[in-house]
Amino acid sequence: MESKYNYFKRDISWLSFNYRVLLEALDERLPLYERINFISIYSSNLEEFYKIRVADHKAVASGATESDEETVQSARELVEEINKEVTRQLDDRVRIYEQKILPALRKNHIIFYQDNHVEPFHQQFIKDFFREEIFPYLQPVPVSKDKIVSFLRDNRLYLAIRVYPKKEEKNKGEEPKENIEKYTGECINERNDGEGIKVGMEAARPNVTDLRQPLYFVMKQPYAKVPRFIELPSREKNHYLMFTEDIIKANLNLIFPGYDVDSSYCIKISRDADILIDDTASSADLVAQLKKKVKKRKIGDVCRFVYDRAMPSEFLDFLVDAFRIQRDELVPGDKHLNLEDLRHLPNPNKSLHSLEKPKPMKLTVLDEKESIFNYVAQKDLLLYYPYHSFEHFIHFLYEAVHNPETREIMVTQYRVAENSAVINTLIAAAQNGKKVTVFVELKARFDEENNLATAEMMQAAGIKIIYSIPGLKVHAKVALIRRRGLNGEKIPSYAYISTGNFNEKTATLYADCGLFTCRKEIVADLYNLFRTLQGKEDPKFTTLLVARFTSSPN
């Protein structure tokens, strides 16, 4: 029977979901920096969406892979529809950011420069900061249609720059009048419009009738050496922020002293990041596969080329030809790309804590001086993240490390933070003579490399590592502290079951809950779960609902 209902396509529906994430930035009831963070989440989600979902459709559209769900033509049409919807959402993202967020920051005395307008009193600072902190890390690379294609790294910000050779001077020691009018020769054009100083290279654009041949360069932003956002000196009660790329744009003439800088625009590449692995492979083979394939993720096929939509068509056409970009890979963006970085936007107005969401609260009954074991022995404890502090779980592990009655610590790992406090505590437990067992799910997308690295680090510390199970993906976020009295008597063991990862950073962002308990039936089920993950026995669960094995309590 044919259904009378029409369904959204999966990926178009997902774009609608992500659009609702963006619209959260309009909610004035939220702290301002929380609204800004929603723009960051929206941008980060979209990046992953292109690297996985759109990359899959593009592979089908190009004939590189076959699919039972779509044809070459339907894949092409879907990619076109996705790009069209993302472009539509860009207009709203720009409107929310420029008309809502930036004025709200200004209202709170935070001036976030967005273009070539900078106050006069910051002129020298920008020039000095560029020369001392940024310039040593910049390396412009020439771009040509007829030579070797430069490789653009995945999700890295680049400036695409167009310059013209300076005209020869008519009289030695005298600058041609037309050059003086078009280009000041300073990193800041000192034309005062009564509101501030104009910076940037747009004022240096050569005349359209100029017969000089343009030269093109790309230059990677030194993201690892210089922060994305720079705090400028405050003035009276106002605080100032600026994008690093805007400081670079304002000083391009120092990088190209023999040229007139015409213009510059941000670009970036997103590459196919999906890893196809043999899910039936043994754990050892899976580790070998992932070690080999995660390295190829950085050189995957292009799935989108994002560019500043203010870029002139002839400039864009040159880049498309030079980098051999397909037209269906073009996705317009704003002048500032990679806005997922907004989650790191500093709050220079320290007096206004109300701009940021409240910090997670610590329960007084779980003060570090108190024993979580003693508390949970009396009654279960349910924490709600991000409202409660994840430090309570770290304290829980820390107490297990130093409790002489702890026999074994068992944990699952799906996604953990870099330099993870959880991992460091488990290593400390192993070094303290405790038996530690960790199940590591290697198939956690985009965390494969981090999970491999932390697993090897834990293994080197003496922790027993169990890797992914063939044909099964383990999402469980559980921990078990097995204890026995010093004289062999039975004493309570402790279980922790959570909906969220053991990641102290994301625990401040996402809504999850975590249950601490020492109920025997739950502890026993959790122990059986870990034995099942080790392949030691058929699972038997009396209380816990474990996907694939039980659908209801026995």
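Reference entry: report on the structure contained in this document. Remember, it's a predicted structure, so these values are computed and weren't measured experimentally.

1. A few points about the overall build of the protein
What the protein contains, in helices and strands, is 14 helices and 19 strands. Across the 554 residues of the protein, 51% fall into the buried class. Across the protein, the fraction of contacts at a sequence separation of at least 24, relative to all contacts at a separation of at least 6, is 77%. Accessible area for the protein stands at about 28,800 Å²; split by element, carbon and sulfur atoms hold 50% of it.

2. Observations regarding the packing of aromatic side chains
Within this structure, the stated rule accounts for 26 aromatic pairs. Ring plane angle 70° and centroid distance 6.0 Å describe the contact between F112 and F229, whose orientation is recorded as edge-to-face. On the criterion of sequence distance, the pair formed by F112 in strand β1 (residues 110-113) and F229 in strand β8 (residues 229-235) is long-range, its members being 117 residues apart. Judged by its relative accessible area of 7%, F229 is buried. Ring centres of F229 and F243 lie 5.3 Å apart, and the angle between their planes is 55°; on these two criteria the pair is classed as tilted. Placement of F229 in strand β8 and of F243 in strand β9 (residues 238-243) is noted, with a sequence separation of 14 residues between them.

3. A look at a nonpolar patch on the surface
Taken together, the side chains of L382, Y384 and Y387 make up a nonpolar region of the molecular surface, amounting to roughly 340 Å² of accessible area. Position of L382 among the secondary structure elements: in strand β13 (residues 381-385).

4. Focus on the pairing of strand β18 (residues 494-498)
Taking burial as the measure, the five residues of β18 include four buried ones, the bulk of the element. In terms of strand pairing, strand β17 (residues 477-483) meets β18 through five bridges, oriented antiparallel. Of the residues in β18, the one forming a bridge with K477 is S498.

5. Considering helix α4 (residues 123-134)
Here α4 spans 16 Å end to end across 12 residues, near enough to the 16 Å set by a 1.5 Å rise per residue. Turning to α4, its buried residues are Q123, I126, K127, F129, F130 and I134. In an axial view of α4, the angular spread of the buried residues amounts to 165°, which keeps them on one side of the axis.

6. Brief notes about empty space enclosed by the protein
Under the defined criterion, the tally for this structure stands at two cavities of 30 Å³ or more. Reported here for the largest cavity is a volume of approximately 250 Å³. Along the walls of the largest cavity sit 20 residues, with S43, L46, R93, R304 and V306 positioned nearest its centre. For the lining of the largest cavity, the class distribution of residues is nine nonpolar, five polar and six charged.

7. Side note on the packing of helix α2 (residues 32-61) against helix α3 (residues 72-107)
Contact pair α2 / α3: the axes reach a minimum separation of 11 Å and the direction vectors enclose 165°. Here α2 lies roughly antiparallel to α3, going by the angle between them. α2 and α3 meet at a crossing whose hand is left-handed. Tallied by class, the residues present in the contact of α2 with α3 amount to 21 nonpolar, three polar and five charged.

8. Focus: the nonpolar core
Counting residues in each nonpolar core, the largest one holds 47 residues, and the members touching the most others are F393 and L426. Residue contacts for L426: discarding those within four places in its chain leaves L397, I409, V411, V436, V438, M458 and I463. If you look at the next biggest cluster of nonpolar residues, it comprises 37 residues, including A25, L32, Y97 and I101.

9. Side note on the pattern of salt bridges
Where side chains of opposite charge bring their charged atoms close, a pairing between them can arise. Inspection of the entire model under this criterion finds 27 salt bridges. The partner of R88 in a salt bridge is D92, and the shortest N-O contact between them spans 3.7 Å. Here D92 and R88 lie together in helix α3, a separation of four residues that amounts to about one turn. Judged by its relative accessible area of 15%, D92 falls in the buried class. By sharing partners, the salt bridges in this structure join E47, K51, D154, K268 and R304 into a single network.

10. Structural notes on the sheet that holds strand β7 (residues 215-220)
Across the sheet, which stays open at both edges, the six strands sit in the order β3-β7-β4-β10-β11-β12 with mixed pairing between neighbours. Two strands close off the open sheet at either side, each with one partner strand: β3 (141-143) and β12 (330-333). Along the sheet, successive strands turn relative to each other by an average axial angle of 35°, direction set aside. Note: strand β4 (residues 158-165) against β7, six bridges, orientation antiparallel. Residue pairing across strands places V163 opposite L215, the latter belonging to β7. Sheet contacts for α2: β10 (259-271), β11 (302-308) and β12; angle to β11, the most-contacted strand, approximately 130°. Sheet strands touched by helix α9 (residues 313-322): β3, β4, β7, β10, β11 and β12. Its angle to β4, the strand with the most contacts, is close to 110°.

Procedures and definitions
- All residue numbers refer to position in the chain's written sequence, counted from 1.
- Only residues with pLDDT of at least 70 are given local features in this predicted model, and only at 80 or more are side-chain atom pairs given and counted; all residues enter the totals for whole chains, interfaces and linings.
- Only heavy atoms go into the side-chain values, all of them from the structure, while hydrogens and water stay out.
- Secondary structure elements follow DSSP: runs of H or I of four or more residues count as helices, runs of E of two or more count as strands, with numbering from the N terminus.
- Categorising residues by exposure relies on relative accessible area from a 1.4 Å probe, with only protein chains included: less than 20% of the type maximum marks a residue as buried, more than 50% marks it as exposed, and the intermediate range marks it as partly exposed.
- Should any heavy atoms of two residues lie within 4.5 Å, those residues are considered in contact.
- The Shrake-Rupley method, run with a 1.4 Å probe sphere, supplies the accessible areas, and residue values consider only the shown protein chains as cover.
- Put simply, two rings from Phe, Tyr or Trp (the six-membered ring, in Trp's case) pair if the centres are within 6.5 Å, and we call them stacked under 30 degrees between planes, edge-to-face over 60, tilted for the rest.
- A patch consists of residues exposed above 30% relative accessible area that lack any salt bridge, with like charges linked at up to 9 Å and nonpolar side chains (Val, Leu, Ile, Met, Phe, Trp, Tyr) linked at up to 5 Å.
- What counts as a salt bridge is simple: a side-chain nitrogen of Lys or Arg found within 4 Å of a carboxyl oxygen of Asp or Glu.
- Whether two strands pair comes down to DSSP finding at least two bridges between them.
- A helix is expected to span 1.5 Å multiplied by its residue count minus one.
- Summarising the geometry, the arc corresponds to the directions from the helix axis toward the C-beta atoms.
- Here the term cavity refers to a set of points on a 1 Å grid, laid over the protein atoms alone, in which a 1.4 Å probe fits but cannot get out; the term pocket refers to an open set having protein on both sides within 12 Å along at least five of seven lines, with lining residues being those that place an atom within 4 Å of a point.
- Grid points are joined across faces, edges and corners, and a volume is the space filled by probe spheres set on the points.
- In this count, Pro and Cys sit with the nonpolar residues alongside Ala, Val, Leu, Ile, Met, Phe, Trp and Tyr, while Asp, Glu, Lys and Arg are called charged and the others, Gly among them, polar.
- Orientation is described by lines fitted to C-alpha atoms, with helices fitted over the stretch in contact, and by angles between N-to-C directions that extend from 0 to 180 degrees.
- Working rule for angles: under 35 degrees goes down as roughly parallel, over 145 as roughly antiparallel, 65 to 115 as roughly perpendicular, anything else as oblique.
- The crossing is said to be left-handed when, going from far helix to near helix, the turn is anticlockwise and less than a right angle, and right-handed when the turn is clockwise.
- Only buried Ala, Val, Leu, Ile, Met, Phe, Trp, Tyr and Cys residues count toward a nonpolar core, and they belong to the same one when joined by side-chain atoms within 4.5 Å.

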